[in-house]
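Single-letter residue listing:
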Amino acid sequence: FDAAATPANGMVPTRFGAGFAPTTDTMAGGASVVTVTRAAGGANGSAGALSVQGEVRTGFAYPWSGAMFFPAAMPMQPVDLSGRSTLVFRLRGDARPLQVMLFSGVQMQAMPSTRIVQVTGEWTEVRIPLSAFQGADLTRVRGIAFTATLPAGAFAFQLDDVAVE
């Protein structure tokens with residue numbers, strides 16, 4: 001993350017892709033909320049990390065709230081990651097499990113493939129094989145979201161060193 005850059009249009013810039021943007025179930029009629037900013041002092045002494053804070057609220061069948069990374073130059077534009085094998089990131093937060101959602105395929109509204117990851121208060125490296133995202137079309141990855149889900153309530157986490165190797 002570029003700790004010195006100012007977010008434009010709600011996007012937090014990254015070294016590649018369109019960057020990170022807030023994502024919640026409000027686009028599907030839910031009421032969850034989120035704030036996505038940069039925080040000083042990231043993992044391994046980096047200049048900064050992505051800070052995600054919000055609240056998952058009931059009222060929608062599959063509530064979520066978090067941040068989505070767009071690996072292409074434009075949000076939801078597909079990019080071919082089939083030559084890569086692993087999603088890697090560093091994570092810390094309030095010990096609430098997070099859902100990692102990989103959006104892919106021809107249809108922009110297609111259901112994402114998901115994986116649950118555990119969060120601790122200490123920076124932890126997480127490695128998820130892309131093959132673990134069942135049914136994902138790695139030739140057309142549109143976005144990767146890091147979200148809190150049920151149970152409802154407040155949450156906070158930080159991400160750093162996100163890469164697709």
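Computed from a predicted model, the values in this text were never measured in an experiment. All residue numbers refer to positions counted from 1 along the written sequence of the respective chain. Totals for whole chains, interfaces and linings use all residues, but because this is a predicted model, local features are given only for residues with pLDDT of at least 70 and pairs of side-chain atoms are given and counted only at 80 or more. Hydrogen atoms and water are omitted, and side-chain values are computed over all heavy atoms in the structure.

### Considering the overall build of the protein chain
The secondary structure listing takes helices from DSSP runs of H or I that are at least 4 residues long and strands from runs of E that are at least 2 residues long, numbered from the N terminus. Of regular secondary structure, the protein chain possesses zero helices and 10 strands. Relative to a compact globule of 165 residues, whose C-alpha radius of gyration would be 15 Å, the protein chain shows 15 Å and is just as compact. For the protein chain, the spread of C-alpha atoms along the three principal axes comes to 35 × 35 × 30 Å. A 1.4 Å probe rolled over the protein chains alone gives each residue an accessible area, and that area as a share of the maximum for its type sets the label: buried under 20%, exposed over 50%, partly exposed in between. By the burial criterion, 46% of the 165 residues in the protein chain qualify as buried. For the radius of gyration, the atoms used are the C-alpha atoms, and the globule rule reads 2.2 Å times the number of residues raised to 0.38.

### Side note on the environment of Q107
Examined against the element boundaries, Q107 turns out to sit in the loop between β6 (98–104) and β7 (113–117). Among the residues examined, Q107 registers a relative accessible area of 52% and is labelled exposed. Each C-alpha atom of the pair Q107 and S131 lies 20 Å from the other, and the pair is 24 residues apart in sequence.

### Re the sheet that holds strand β1 (residues 19–24)
Read from one edge to the other, the open sheet built from five strands follows the order β1-β4-β9-β6-β7, with strand pairing classed as antiparallel. Two strands lie at the open edges of the sheet, namely β1 and β7, each paired on one side alone. Pairs of neighbouring strands in the sheet enclose a mean axial angle of 25°, with direction left out of account. A pair of strands is labelled paired if DSSP reports no fewer than 2 bridges between them. Geometry is summarised by axes, namely lines fitted to C-alpha atoms with helices restricted to the contacting stretch, and by angles between N-to-C directions that run from 0 to 180 degrees.

### Here we look at the packing of aromatic side chains
For any two aromatic rings, the description comes down to two numbers: the centre-to-centre distance and the angle of the planes. Working definition: rings of Phe, Tyr and Trp (its six-membered ring) pair if their centres are within 6.5 Å, and the pair is stacked with planes under 30 degrees apart, edge-to-face with planes over 60 apart, and tilted otherwise. Summed over all chains, the structure comprises six aromatic pairs. Ring plane angle 80° and centroid distance 5.3 Å describe the contact between F16 and F69, whose orientation is recorded as edge-to-face. With F16 in the segment before β1 and F69 in strand β4 (residues 65–70), this residue pair connects regions lying 53 residues apart in the sequence. F69 gets classed as buried once you look at its relative accessible area, which sits at 4%. Ring centres of F20 and F146 lie 6.1 Å apart, and the angle between their planes is 45°; this geometry places the pair in the tilted category. With F20 in strand β1 and F146 in strand β9 (residues 141–148), the pair connects residues that are 126 residues apart, well separated along the chain. Residues F20 and F146 agree in their burial class; the two are buried. What links up through ring pairs into an aromatic cluster is the set F16, F20, F69, F89 and F146.

### Here's the deal with the pattern of salt bridges
When a carboxyl oxygen of Asp or Glu lies within 4 Å of a side-chain nitrogen of Lys or Arg, that pair is called a salt bridge. In the structure shown here, the tally under the stated rule is five salt bridges. Between R127 and E165 there is a salt bridge whose closest N-O contact spans 2.8 Å. With R127 in strand β8 (residues 124–129) and E165 in the segment after β10 (153–164), this residue pair connects regions lying 38 residues apart in the sequence. Judged by its relative accessible area of 45%, R127 is partly exposed. Judged by relative accessible area, E165 falls into the partly exposed class, the value being 42%. Here the salt bridges share partners, and the residues they tie into one network are R90, E125, R127, D161 and E165.

### Some words on the environment of A152
With respect to the helices and strands, A152 occurs in the loop between β9 and β10. Owing to a relative accessible area of 40%, A152 belongs among the partly exposed residues under this scheme. Excluding residues within four positions of it along the chain, A152 makes contact with V56, T58 and R96. A contact between two residues is defined here by any heavy atoms of the two lying within 4.5 Å.

Treat this as a map of the structure, not an account of what it does.
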